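Descriptive structure summary
Here are the chains, one letter per residue:
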Amino acid sequence: MIIESRRSFTILFAIVTAFAIAPLIAIVMYTFIGEGRLDLTKVGKLFENSAVLRTLGNSMLLGIFVMIGTTIIALPMAMIRTKTSLSRYNWLDIVLTIPFMTPPYIGSMGWILFMQKNGFLQQIIPAASWMSDYFFSIFGMVLIMSLHLFPFLYLMLRNAYLRMNGSFLDAAEIFGRNRVKNWFKIVLPLLASSYILGVLLIFIKTLAEFGTPATFGSRIGFKVFTTEIHAYLSKWPVDIRMATSLSLFLLSVCLIVWYLQNLLGRKYAFGILSGKTATLRTIEEKWPITLFSWIFTSIILILSIGIPYFSIIATSLQKVRGEGLVLGNFSFDAYKELFTGGSAGLTAFLNSLMFSVTTAIVTAVLGFAIALYIKKGETKKQKVLDFFSLTPNIIPGIVFVVGLIMFWNAPWLPATIYNTKAMVVVAYCVLFLPYSIQYTKSSLAQLDDSIFQSASIFGRNLWDVYRHIIIPLLMPGILAGMMMTFIISMRELVAGLLILPPSVETGATFIYSQFEQGNASVGMAVAVITVMITVIFMFLLDWVQRRGERANV
Amino acid sequence: MKKNTFKMFAVTGAALTFALAGCGSNTDKSSEKASAKPKEEKVLTVYSAGPDGLAQNIEKAFEEKTGKKIEMFQGTTGKILSRLEAEKNNPVADVVVLASAASMDGLKQSDQLQAYKDAENADKINFDWSDGEGYYHVYSASALGIAYNTKNVKDGPKKWTDLADSKWKGKLNMPDPSLSGSALDFIFGYAAADKSAWKTIESWKKNELQVNGANKEALESVITGEKDATISGVDYMAYKAKAEGEPVEITYPESGTVISPRAVAIMKDAKNVEGAKAYVDFLLSDEGQKLVADAYLLPGNKDIAVKNRAALDEIPQLEVDWKGSEAKQVDVLNKFNDMFR
């Protein structure tokens, strides 16, 4: 194959090294070497400091609770969407991913505005004021983060359910005892590998999350790694070495979790795919199940979309914030301000759009090349590239951002992209490359070897094989990867906060700074527009993918 | 059907090619820009700590007046200081505008500023906080008071110690001094001028004083009625909110409060010194000072009238010496953080 030569390995590896590995090395160097010598004082200080241990405890606790929280939401949801009459409504899948697309800091701002004293809830139902105190605790934080992260686990579980070969279930039906026992003995073990993979990723994602801890966590005095790193970099007095030390610490924790995940994932892996597709069986369903499914789905949708979006939209429409929800206190002023020529909010939004589109395209091309090279990761080189190109998925974004800042400010560099827009795109590409690789890889994995064999027998030349067979078959995966990259880039906050050049703001940093120093209504108006664009984008891509699939059949 | 797939692929392929070409030209552009930089030093890079609207108005007026273009990074004082620190090897900023004279003095002490002694109009500035050697100029100030929600509070507190009353329990907040330069200035100034200050702060803590966010975040809680009052509220933000019809009022305790000076300086490594000097001149000029007053800040030039706010001589002041205070501020901050952790 084309992308198998030694040269392509060198090129790909160089790219991955330059963009993903160098920042990590920069962090290590900065942490351990002071004034040209090995200097361990900072690292030593890290462990003397009881605040660091408390931060570690906080992060771990949050991770575990969010794992539980997302399971409570995602597992029933996946079953409902595959085993009940609700499986017909494919639009639900898009709706259920809206919480994940919603920038987490916006979601938590929405919840804060809703639940705080004198907030929207109390204005609507004054008797609900007792809830406020309970909500502003770790419970509220876990709730918000679980509602944000569950779509991730849900999609993984749902796909595992869908892939599960019908013959297993038929066999169970015939030889097994009752339905409940079958579920525990057959379905659950088959789900285990996907579940473990998913839930540990949720754990890592929780550790890596910045938006919610920065908004909600600061409110309740709950400090985690990411907020502490950001604080050392942006609060006075600045302590960059403390930030890199903490980054290194967080990085190690995530690597350990990732190692565990691999170990467990391998132990519980079963072959649940075979050449035959599962036959779709008609579902007979009793009404309590239908009712429960609808109620459960509605509650999840109200909590994950209804409440935060109500607050966001209401805030963006408020004239006088202190007046609350009163008739006559609503106007489109914030939107008018936003759309009057060259307003800061609009410029910021357009910047986000440009950065995200560029990132989606660059990572799609790179991810495609890397995924084709890695394939199933059989040779050592493939494994190495696989590991390194996926590191941004294991290592929290803020660590990479800190590394990129250190690396691109190194005194020996002849030229630097620091303080240019290119730096932003590079940072985004580093952070989100794993998405496009994974999406391409998973659609590659679905291609049976027989396709390649017949292609090499009947195909004219390699390029034709790529052009007519491989790329078209992989296209839905590539497009899905682009879509994800676009959406995640649109909401990236911490990279923007730390590396944007002067005069440049993204939608995310604009919204954040409006809350810090400016006008909340305009900030929320930008949030509404951002989310609207992403939702439209998502429906469009879903449509393109569907067409692609139909054409393939 | 197959044709369709191919079409889709072709379209995407074309899009990719265009995009890549776009990327290429993008990087070309930036390298062009880099190589063109030594030739024309027209662009002036300003790192400015709020207020949001003022910084933009000044940028616009300055660009119109001088024809020089400004690249601006806006953030809190803490963010700007950390950015300067991270960029030490690769300095970018020409001018810095901070919301804290103490931090500015710190930059001077660590040899990061250059003097501009004969700045135009420097003699008209009525604050004596500017650096005597001309390393930084205090162009404006804000007074720190108690901002309160007029719906929840009928008569505002008169003294700092009033807030120790149990009727304020759970209803107070304050900006985080590690985020907000002015809040740090407040604690520092208050503790320096009043011996019982820490005792009073302790009593606020007993009243469940919430410390979080930058200035606007703290004020926002008062505006929405979540909290009743903000200690160390930046007055210009409160005046602005009030002018927009929000139910908020600001008061300065009779016992005196801290006035937090805001300063501008030229970086030692500034590449565009001419532009930087012009910027400082503009900030101190009558036109610049008028923009400052329009943003409800206290202008440095007392000849410029303030509108809809208390003038400098109407505010009871605590005497604070800002020179060389940066190191002492770290101690104050640590003490405060330990207390509220």
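Residues numbered from 1 in each chain as written. Chains lettered and ligands numbered in written order. Predicted model: local features only at pLDDT ≥ 70, side-chain atom pairs only at ≥ 80, totals over all residues. Heavy atoms only, no water.

This part covers the overall build of chain A. Summing up its helical and strand segments, chain A has 24 helices and 2 strands in all. Taken against the 2.2 N^0.38 rule, which gives 24 Å for 553 residues, the C-alpha radius of gyration of chain A at 24 Å falls within 12% of a compact globule. Counting the 553 residues in chain A, one finds 58% classified as buried. Accessible surface, chain A as shown: approximately 24200 Å² in total, 68% of it carbon and sulfur. Distance between charge centres in chain A, computed from 42 positive and 26 negative side chains, equals 6 Å. (Helix = DSSP H or I, 4+ residues; strand = E, 2+ residues; numbered from the N terminus. Rg over C-alpha atoms; globule rule 2.2 N^0.38 Å. Buried < 20%, exposed > 50% of the residue type's maximum accessible area, 1.4 Å probe, protein only. Areas by Shrake-Rupley, 256 points an atom, 1.4 Å probe, with all protein chains shown as cover. Lys, Arg positive; Asp, Glu negative; His and termini not counted. Charge placed at Lys NZ, Arg CZ, Asp CG, Glu CD.)

Bringing the overall build of chain B into the picture now. Across its full length, chain B holds 11 helices and 11 strands. Sequence-distant contacts, at least 24 apart, represent 75% of the contacts inside chain B between residues at least 6 apart. (Contact = heavy atoms within 4.5 Å.)

Residues and elements named next belong to chain B. Contact geometry for helix α9 (residues 273-284) and helix α10 (residues 286-294): axes closest at 4 Å, N-to-C directions at 60 degrees. What the angle tells us is that α9 and α10 run oblique. In this structure, α9 uses Phe282, Leu283 and Leu284 to contact α10, whose residues at the interface are Asp286, Glu287, Gly288, Gln289 and Leu291. Broken down by class, the residue content of the contact of α9 with α10 amounts to 4 nonpolar, 2 polar and 2 charged. (Axes fitted to C-alpha atoms, helices over the stretch in contact; angles between N-to-C directions. Parallel < 35°, antiparallel > 145°, perpendicular 65-115°, else oblique. Nonpolar A, V, L, I, M, F, W, Y, C, P; charged D, E, K, R; others polar.)

The next subject is helix α17 (residues 380-394) of chain A. Residues and elements named next belong to chain A. Taking 1.5 Å per residue, 15 residues should reach 21 Å; α17 reaches 20 Å between its end C-alpha atoms and fits that length. Phe388 marks the point of greatest bend in α17, at about 25 degrees, and the proline Pro392 comes within the next four residues. Taken residue by residue, α17 has Gln382, Leu385, Asp386, Ser389, Leu390, Thr391, Pro392, Asn393 and Ile394 as its buried positions. (Expected span 1.5 Å × (residues − 1). Bend = angle between axes of the 7 residues up to and from the residue.)

To continue, consider unusual backbone geometry. One non-glycine residue, Asn118 of chain A, lies in the positive phi region at around 65 degrees. Within the element layout of this structure, Asn118 of chain A appears in the loop between α5 (104-115) and α6 (120-124).

A separate point is the interface of chain A and chain B. Contact residues are listed per partner, giving 57 residues for chain A and 58 residues for chain B. Buried area between chain A and chain B, summed over both chains or domains, comes out near 5100 Å², and the portion from carbon and sulfur atoms is 56%. The tally of links between chain A and chain B comes to 1 salt bridge. Among the ionic pairs, Glu226 of chain B bridges to Arg219 of chain A, the shortest N-O distance being 2.5 Å. At the surface where chain A touches chain B, the tally comes to 10 residue pairs in polar contact (both at pLDDT 80 or more). Taken together, the elements giving at least two residues each to the side of chain A that touches chain B come down to α3 (50-83), α11 (211-220), α12 (225-234), α16 (344-374), α21 (462-491), α22 (494-499), α23 (507-516) and α24 (520-552) of chain A. It is α24 of chain A that contributes the most residues to the side of chain A that touches chain B, 7 residues altogether. (Buried area = accessible area lost by both parts, 1.4 Å probe. Salt bridge = Lys/Arg side-chain N within 4 Å of Asp/Glu carboxyl O. Polar contact = N/O pair within 3.5 Å; in protein donor to acceptor, adjacent residues only side chain to side chain.)

Moving on, we get to the packing of helix α5 (residues 181-193) of chain B against helix α11 (residues 326-340) of chain B. Residue and element names in this part refer to chain B. At a minimum axis distance of 10 Å, the contact between α5 and α11 shows a crossing angle of 95 degrees. The angle between α5 and α11 places the two elements in the roughly perpendicular class. Taken together, the residues of α11 that come into contact with α5 (itself represented by Leu184, Asp185, Ile187 and Phe188) are Lys328, Gln329, Val332, Leu333 and Phe336. In the contact of α5 with α11, the residues fall into 6 nonpolar, 1 polar and 2 charged.

Let us look at the pairing of strand β3 (residues 95-98) of chain B. Residue and element names in this part refer to chain B. Residues Val95 and Val97 line one face of β3 and the alternating positions Val96 and Leu98 line the opposite face, and both faces are buried. Two strands pair when backbone bridges link them, and strand β1 (residues 43-48) and β3 are joined in this way by 3 bridges, in the parallel orientation. Residue pairing across strands places Val46 opposite Val95, the latter belonging to β3. When β3 meets strand β10 (residues 259-267), the two strands line up antiparallel, connected through 4 bridges. From the neighbouring strand, Val97 faces β10, where its bridge partner is Val264. (Pairing = 2+ DSSP bridges.)

Before going further, it helps to examine the pattern of salt bridges. Residues and elements named next belong to chain B. Tallied over the full model, the rule gives 17 salt bridges over all chains. Of the charged contacts, one joins Glu87 and Arg83 as a salt bridge, the two residues approaching to 3.2 Å between their closest N and O atoms. Residue Glu87 shares its accessibility class with Arg83, and that shared class is buried. One salt bridge connects Glu244 with Lys240, and the closest N-O pair in it is separated by 3.8 Å. On the accessibility criterion, Glu244 (46% relative accessible area) is partly exposed.

The buried fraction of helix α4 (residues 91-101) of chain A is high, at 10 of 11 residues. Of the residues making up α4 of chain A, those classed as buried are Leu92, Asp93, Ile94, Val95, Leu96, Thr97, Ile98, Pro99, Phe100 and Met101 of chain A.

Another point: the packing of aromatic side chains. To describe a pair of aromatic rings, one takes the distance between the centres and the angle between the planes. Residues and elements named next belong to chain A. Tallied over the full model, the rule gives 31 aromatic pairs over all chains. Ring plane angle 20 degrees and centroid distance 5.3 Å describe the contact between Trp111 and Phe135, whose orientation is recorded as stacked. Separated by 24 residues along the polypeptide, Trp111 in helix α5 and Phe135 in helix α7 (residues 130-135) bring together distant segments of the chain. Here the two residues Trp111 and Phe135 agree in accessibility, since each one is buried. With 5.4 Å between their ring centres and 10 degrees between their planes, Phe136 and Phe216 make a pair best called stacked. Taken together, the residues Phe136 in the loop between α7 and α8 (138-163) and Phe216 in helix α11 connect sequence positions 80 residues apart. (Phe/Tyr/Trp six-rings, centres within 6.5 Å; stacked < 30°, edge-to-face > 60°.)

Let's shift gears to the side chain of Asn212 of chain B. With respect to the helices and strands, the residue Asn212 of chain B is situated in the loop between β7 (210-211) and α7 (215-223). A relative accessible area of 6% places Asn212 of chain B in the buried class. Not counting residues up to four positions away in its chain, the partners in contact with Asn212 of chain B are Ser218 and Arg219 of chain A together with Met174, Pro175, Asp176, Glu217 and Ala218 of chain B.

Moving on: the pairing of β10 of chain B. Residues and elements named next belong to chain B. Burial within β10 is extensive, with 9 of its 9 residues counted as buried. Taken together, the 7 bridges between strand β5 (residues 136-149) and β10 define a ladder with antiparallel strand orientation. The residue bridging Ser142 from the neighbouring strand is Ser260, located in β10.

All names here are of chain B. Here Trp168 is to be found in the loop between β5 and β6 (172-174). As a C-alpha pair, Trp168 and Glu208 span 40 residues in sequence and 8.8 Å in three-dimensional space. Apart from residues lying up to four places away in sequence, Trp168 is in contact with Val153, Pro157, Asp162, Leu163, Asn207, Asp228 and Ala229.

The share of residues in chain A with pLDDT of 70 or more is 90%, and the mean pLDDT across the chain is 83. Per-element confidence in chain A is highest for helix α14 (residues 287-317) of chain A, whose mean pLDDT is 93, and lowest for helix α9 (residues 166-175) of chain A, whose mean pLDDT is 67. (pLDDT = per-residue confidence, 0-100.)

Note that Gly518 of chain A resides in the loop between α23 and α24. The class of Gly518 of chain A is buried, set by a relative accessible area of 12%. Each C-alpha atom of the pair Gly518 of chain A and Ala415 of chain A lies 36 Å from the other, and the pair is 103 residues apart in sequence. Discounting residues that sit within four places of it in the chain, Gly518 of chain A has contacts with Ser513 of chain A together with Lys216 of chain B.

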